[in-house]
Amino acid sequence: MLEVETPTYYTATKKYNLNFPSLENDIDVDVVVIGGGFSGINTALELAEKGITNIAVLEAKYLGYGGTGRNGGQIMAGIGHDLDAIKKDVGEEGLKTIFAISDQGSKIIQERIKKYDIQADFCHGYGYLGFNARQTKTLQEWEKGFKELDKENEIYLLTGSDVQKVVGSTAYESALVHMGAGHVHSLNLLLGEAKALSSLGAQIYEYSPALEVTYGSTIKVRTAKGTVTAKKMLWACDSFINKMESQLDKKIINTYAFQLMTEPLSDELIERISPIRGAYSDIRPIIDYYRVTKENSLLFGSATRFVEHIPHDLKQFNRKLMLQIFPYLKDVKIDLAWGGPMGCSANLFPQIGNLPNQPNVYYVQGYSGFGVTPSHIICKILASGIAEQSEYYDLISKVHHRNIIGKQSIRPLLLTGAKCWHQLSGFWTGRR
């Protein structure tokens, strides 16, 4: 099992020294949230902005311990991997509606940073990268779709040698640049949001794992030293659900992603890697993703391509991939490498809804590796569903959430098969 306490770029450079107490008494609230990552904090903050401030957030470790504090910090357009995968659940018109809101994440994040003066190092500029003619054709289609949704920001496609105007690599044939997207220090963003949530009156508790949950017209959550009684509840644990709620656990499966951080690089080298100081990912079924940081380091991440496993040496694993894209970094030292689980749904689309026969118990999970931006869209919709009637909530909660059979006994085999199929299908979807 991957050691998830490994230091990351985010923990090494966080700007907020926030510490919240553990729960040590019995409290009554309107809403209890289990999980202190983007999903839990964002939903609670959206509720607080609607006037529902009597909220308790319970985090088993510390805020950002999970995927929120381990990701690439990429601010991308979109919600899920492939919207066509949910068409049968929401219909043609529903699909159009979801597509229409799929680019709102970056705007929500930027508005929140401005509203609460969050020090999250937001930087504009994203490059979607293609290796071949098939992928270039796909990027041409994406360009049209992005421009339909976003009339404010510069969006353009480069091909051939022009690609190096935005990324310093000869590996790519094409680059779709979206200046409305970009990257962010995700842990500082979360901590800034948590600070805002606390200022609005919500209660946040760290090192307070839920040990027992009793459902009913009122809900009781027991921790080691206290209890929370609530009218409504949200499960927001994603890849760390860990069988706490079996109905949710069986609908996602954990795979792993890994990242490195280089030593600080010269301004000249950063300019060569990223003339726009942006974030990037290719569009293969299993992507490389990377960005430069405010401190002039390169973050580079990926996952195993075919066989599901945890590499023995994370620095070497990602270094090898990094050098395929940037061979001139061969003498650069790697300061940190880390990884962690990410909860994947069968259709690679986020899951929200109510537990069966429990109308006051909500959940959100299954971002499938794309959580920073979509969480801000999904949780705005989720909060509307918790607080009031919401057409968007009703629409997205209609998406069918399939059980994943055999995940406990043959998880590596299931994921290896899924990765191989995902890679193969990329040939006819224009992503290989």
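Here the structure is a predicted model, which is why all the values come from computation and not from measurement.

1. Examining the packing of helix α2 (residues 38-49) against helix α6 (residues 186-199)
(1) Moving on: Running from amino to carboxyl end, α2 crosses α6 at an angle of 35 degrees, the nearest separation of the two axes being 9 Å. Crossing geometry of α2 relative to α6 is assigned as left-handed. Of α6, the residues touching α2 (which contributes F38, I41, N42, A44, L45 and A48) are S186, L189, L190, E193, A194, A196 and L197.
(2) Moving on: Along the lines of polarity and charge, the residues of the contact of α2 with α6 split into 10 nonpolar, two polar and one charged.

2. Concerning the pairing of strand β17 (residues 358-365)
(1) Moving on: By the criterion of burial, β17 is predominantly enclosed, with seven of the eight residues buried.
(2) Moving on: Note that strand β10 (residues 227-235) and β17 share three bridges and pair parallel. Its bridge partner lying in β17, L234 is registered against Y362.
(3) Moving on: Two elements, strand β16 (residues 351-355) and β17, share five bridges in a ladder whose sense is antiparallel. Bridge assignment links I352 to a residue of β17, and that residue is V364.
(4) Moving on: The turn linking β16 back onto β17 is made up of two residues, and N357 within it adopts a positive phi angle of 65 degrees.

3. Notes on helix α4 (residues 105-116)
(1) Moving on: Its 12 residues place the ends of α4 17 Å apart at the C-alpha level, agreeing with the 16 Å of an ideal helix rising 1.5 Å per residue.
(2) Moving on: Considered for burial, the residues of α4 that qualify are G105, S106, I108, I109, R112 and I113. Looking straight down α4, one finds that the buried residues subtend no more than 165 degrees of arc, so they occupy a single side. Residues of α4 that are exposed and angled more than 90 degrees away from the buried face: E111, K114 and K115.
(3) Moving on: Next to the buried residues of α4 lie α2, β3 (74-75), β6 (174-183), α6 and α10 (372-387).

The rules behind each value
- Residues numbered from 1 in each chain as written.
- Predicted model: local features only at pLDDT ≥ 70, side-chain atom pairs only at ≥ 80, totals over all residues.
- Heavy atoms only, no water.
- Axes fitted to C-alpha atoms, helices over the stretch in contact; angles between N-to-C directions.
- Helix = DSSP H or I, 4+ residues; strand = E, 2+ residues; numbered from the N terminus.
- Left-handed = near helix turned anticlockwise from the far one by under 90°.
- Contact = heavy atoms within 4.5 Å.
- Nonpolar A, V, L, I, M, F, W, Y, C, P; charged D, E, K, R; others polar.
- Buried < 20%, exposed > 50% of the residue type's maximum accessible area, 1.4 Å probe, protein only.
- Pairing = 2+ DSSP bridges.
- Expected span 1.5 Å × (residues − 1).
- Arc of directions from axis to C-beta.

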